[in-house]
Amino acid sequence: MVSSSIVLEKLTSSFQTLPYPGDLNLVYDNTGNHLECVEIQQAFAGKHWSELSQETLVRENSALSFLTPEAFRFYLPAYLSIVVREFEKTDVLPEVTVQYLTLPVEADDLNKLSYIQQESNELQFELSQFLIEELSRSNQRVHQFMERMSGLNPQQGQAIRYYLEYLKSEQNDYFFSNEPEIAIERYWFIFPL
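Residues numbered from 1 in each chain as written. Predicted model: local features only at pLDDT ≥ 70, side-chain atom pairs only at ≥ 80, totals over all residues. Heavy atoms only, no water.

Engineer: In this structure, what is going on with the overall build of the protein? I would like to understand it.
Structural biologist: Within the protein one finds 10 helices and zero strands. Taking as baseline every contact in the protein between residues at least 6 positions apart, the subset at least 24 positions apart corresponds to 72%. (Helix = DSSP H or I, 4+ residues; strand = E, 2+ residues; numbered from the N terminus. Contact = heavy atoms within 4.5 Å.)

Below is the structure:
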């Protein structure tokens, strides 16, 4: 069983030194014509992920859709941490975070490769690298997922795996179709606990 304190410690230690992406690299549209992008940029500009309030994160529950891959990785731990700390007060954030952490169904063949993980670490690393390259060439949703997640280091990937394991064990009744487990099986299994 994974405790909330372990998840929070892993998130903080692995994401704390991630560099701020810059005010002009927060959202995918900086023209000022996209209302959601303007709102998110104003709410997040100049702020470290650990400085965002629960109110801001709940209000900006769709922000992950509009962030650049670098900003997505930078602000993701804010969302994950608040879900762990204040699960009952985070509105739709548990579903939203798990949705963004789930490899789209177009890449379900990844499940077939999970058994190979147990064969050898060298083989596992080679398959992971091959898989990341192949999935990056897939459709737009898969490409977007891979663009966001491939920039994570192994410790950050492991912290996200801990988050999903925590939801799976401690909040499973909240999810109707075992979504945290599906997210792990589709991608995050490559980061051992």
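There's plenty left to go through after this.
Engineer: Quick question: what am I supposed to make of the side chain of Q41 here?
Structural biologist: Note on placement: Q41 falls in helix α2 (residues 35-44). Within the structure, the side chain of Q41 is placed 2.4 Å from the backbone oxygen of D23, a separation counted as a polar contact. In this structure Q41 touches D23, L24, L26, V27 and N30, once residues within four positions along its chain are discounted. (Polar contact = N/O pair within 3.5 Å; in protein donor to acceptor, adjacent residues only side chain to side chain.)

Engineer: Got a minute to help me understand the environment of L18 in this structure?
Structural biologist: In this structure, L18 sits in the loop between α1 (4-15) and α2. The sequence separation of L18 and E70 amounts to 52 residues, and the corresponding C-alpha distance is 9.6 Å.

Engineer: Looking at this structure, how should I read the nonpolar core?
Structural biologist: For soluble globular proteins, the rule of thumb is that nonpolar side chains tend to be buried together. Counting residues in each nonpolar core, the largest one holds 55 residues, and the members touching the most others are F44 and W188. The set of elements that each furnish at least two residues to this core consists of α1, α2, α4 (69-85), α5 (93-100), α8 (140-149), α9 (154-170) and α10 (179-186). In terms of residue count, the dominant contributor to this core is α4 (11 residues). Dropping the residues within four chain positions of it, W188 is found in contact with L101, F145, M149, L152, G157, I160, R161, L164 and A183. (Core = buried A, V, L, I, M, F, W, Y, C linked by side-chain atoms within 4.5 Å. Buried < 20%, exposed > 50% of the residue type's maximum accessible area, 1.4 Å probe, protein only.)

Engineer: Any chance you could explain the pattern of salt bridges here in plain terms?
Structural biologist: Using the criterion set out here, one finds four salt bridges in the structure. Residue K168 is joined to E165 by a salt bridge in which the shortest nitrogen-to-oxygen separation is 3.6 Å. Of this pair, K168 and E165 are both found in helix α9, three residues apart, which corresponds to roughly one turn of the helix. The partly exposed category is assigned to K168, whose relative accessible area is 29%. (Salt bridge = Lys/Arg side-chain N within 4 Å of Asp/Glu carboxyl O.)

Engineer: I would appreciate a short explanation of α1 in the present structure.
Structural biologist: For the α-helix, the turn length of 3.6 residues means that residues three or four positions removed from each other point alike. When the terminal C-alpha atoms of α1 are compared, their 16 Å separation across 12 residues agrees well with the 16 Å that a helix rising 1.5 Å per residue should span. All of the buried residues along α1 are V7, L11, S14 and F15. All buried residues of α1 fall inside an arc of 85 degrees around its axis, so they share one side. Along its buried surface, α1 packs onto α4 and α9. (Expected span 1.5 Å × (residues − 1). Arc of directions from axis to C-beta.)

Engineer: Teacher, can you tell me more about the packing of aromatic side chains here?
Structural biologist: Two numbers describe a pair of aromatic rings. These are the distance of the centres and the angle of the planes. The final tally for this structure, using the stated rule, is 11 aromatic pairs. Ring centres of F74 and Y75 lie 4.9 Å apart, and the angle between their planes is 90 degrees; this geometry places the pair in the edge-to-face category. Judged by its relative accessible area of 1%, F74 is buried. Y75 sits in the buried class, given a relative accessible area of 0%. On the numbers, 5.1 Å between centres and 80 degrees between planes, the contact of Y174 with F175 is edge-to-face. Its relative accessible area of 30% is what places Y174 among the partly exposed residues. Judged by relative accessible area, F175 falls into the buried class, the value being 6%. (Phe/Tyr/Trp six-rings, centres within 6.5 Å; stacked < 30°, edge-to-face > 60°.)

Engineer: I would appreciate a short explanation of the packing of α4 against α8 in the present structure.
Structural biologist: What describes two packed helices is the angle between their axes and the distance between those same axes. For the pair α4 and α8, the least separation of the axes is 8 Å and the interaxial angle reads 60 degrees. Taken as axis vectors, α4 and α8 run oblique relative to one another. The element α4 and its partner α8 pack so that their crossing is right-handed. Only E147, R148 and M149 of α8 make contact with α4, whose side of the interface consists of P69, F72 and R73. Across the contact of α4 with α8, the residue classes break down as three nonpolar, no polar and three charged. (Axes fitted to C-alpha atoms, helices over the stretch in contact; angles between N-to-C directions. Parallel < 35°, antiparallel > 145°, perpendicular 65-115°, else oblique. Left-handed = near helix turned anticlockwise from the far one by under 90°. Nonpolar A, V, L, I, M, F, W, Y, C, P; charged D, E, K, R; others polar.)

From the geometry alone we can't say anything about function, so treat these as descriptive.
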